[in-house]
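# Inside the fold
For reference, the chains in residue letters:
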Amino acid sequence: MPLQPVMMTDNSDDDTDLGVLTKTRPKTQRPPRYKVLLLNDDYTPMEFVVMVLERFFGMTHAQAFEIMLTVHKKGLAVVGVFSHEIAETKVAQVMDFARRHQHPLQCTMEKED
Ligand code: TYC
């Protein structure tokens, strides 16, 4: 049998070469998240804390009451996890609202692990 001539095509100047994918996976840093913590004290009324959780953290009355009781019993609770900027805003809103009502309620933030 005579061999047929084979025409090799050159794809060096087009985009058809799938090649061998040597994928590198650069570590994409996701922005750090911050826990907003509410602290217990002996003076802030329970109803005020419930109002704070409804108003600034979008909780239902039932959710807010439950979290308030957790803070009351355990000393503190995480009430939300946010970007640095949002967490800072929430803390400022709560601290300002408490100060205006002359309650010693404390709210802080800490970086998530
Ligand atoms: N311990 C308060 C009281 O008995 C209630 C309270 C709950 C205060 C949660 C602060 O973050 C707080 N009136």
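So, a few notes on the structure that sits alongside this text. It should be emphasised that the depicted structure is a prediction, and the values quoted were computed from it without experimental measurement.

### Observations concerning the environment of Ala-77
- Take Ala-77: it is sitting in strand 2 (residues 76–82).
- A relative accessible area of 10% means that Ala-77 is categorised as buried.
- Taking the C-alpha atoms as reference points, Ala-77 and Lys-35, separated by 42 residues in sequence, lie 9.5 Å from one another.
- Aside from chain neighbours lying at most four places away, what touches Ala-77 is Val-36, Leu-37, Leu-38, Ile-67, Thr-70 and Val-71.

### Regarding the sheet that holds strand 2
- Sheet architecture is open: three strands sit in the order 2-1-3, paired in antiparallel fashion. Edge positions in the sheet fall to strand 2 and strand 3 (106–111), since each of these pairs with one other strand and no more. Neighbour to neighbour, the strand axes of the sheet diverge by 30° on average, direction disregarded.
- Packed onto the sheet, helix 2 (residues 61–74) meets strand 1 (34–39) and strand 2 and runs at close to 130° relative to strand 2.
- Of the strands in this sheet, strand 1, strand 2 and strand 3 are in contact with helix 3 (residues 84–100), which crosses strand 3 at around 165°.

### Observations concerning the packing of helix 1 (residues 46–57) against helix 3
- Closest axis-to-axis distance for the helix 1/helix 3 pair is 11 Å, and the angle between their directions is 145°. Remark: the crossing between helix 1 and helix 3 carries right-handed chirality. The residues of helix 3 that touch helix 1, namely those facing Phe-48, Met-51, Val-52, Arg-55, Phe-56 and Phe-57, are Lys-90, Gln-93, Val-94, Phe-97 and Ala-98.
- Residues that form the contact of helix 1 with helix 3 fall into these classes: eight nonpolar, one polar and two charged.

Rules used in this analysis
- Starting from 1, residues in each chain are numbered consecutively following that chain's sequence as written.
- Local features in this predicted model are restricted to residues of pLDDT 70 or higher, and side-chain atom pairs are both shown and tallied only at a pLDDT of 80 or more, whereas totals for entire chains, interfaces and linings draw on every residue.
- Each side-chain value is derived from all of the structure's non-hydrogen atoms; neither hydrogens nor water enter the calculation.
- Counting from the N terminus, the helices are DSSP H or I runs at least four residues long and the strands are E runs at least two residues long.
- For every residue, the accessible area (1.4 Å probe, protein chains only) is compared with the maximum for its type, and the residue is labelled buried under 20%, exposed over 50%, or partly exposed between those bounds.
- The contact criterion used is simple: two residues touch if any of their non-hydrogen atoms lie within 4.5 Å.
- The pairing criterion is simple: DSSP has to find at least two bridges between the two strands.
- Interaxial angle, 0 to 180 degrees, is taken between N-to-C directions of lines fitted to C-alpha atoms, where a helix line uses only the stretch in contact.
- Here is the rule for handedness: rotate from the far helix to the near one, and if that takes an anticlockwise turn smaller than a right angle the crossing is left-handed, while a clockwise turn gives right-handed.
- Residue classes follow a fixed rule: Ala, Val, Leu, Ile, Met, Phe, Trp, Tyr, Cys and Pro count as nonpolar, while Asp, Glu, Lys and Arg count as charged, and any other residue, Gly among them, counts as polar.

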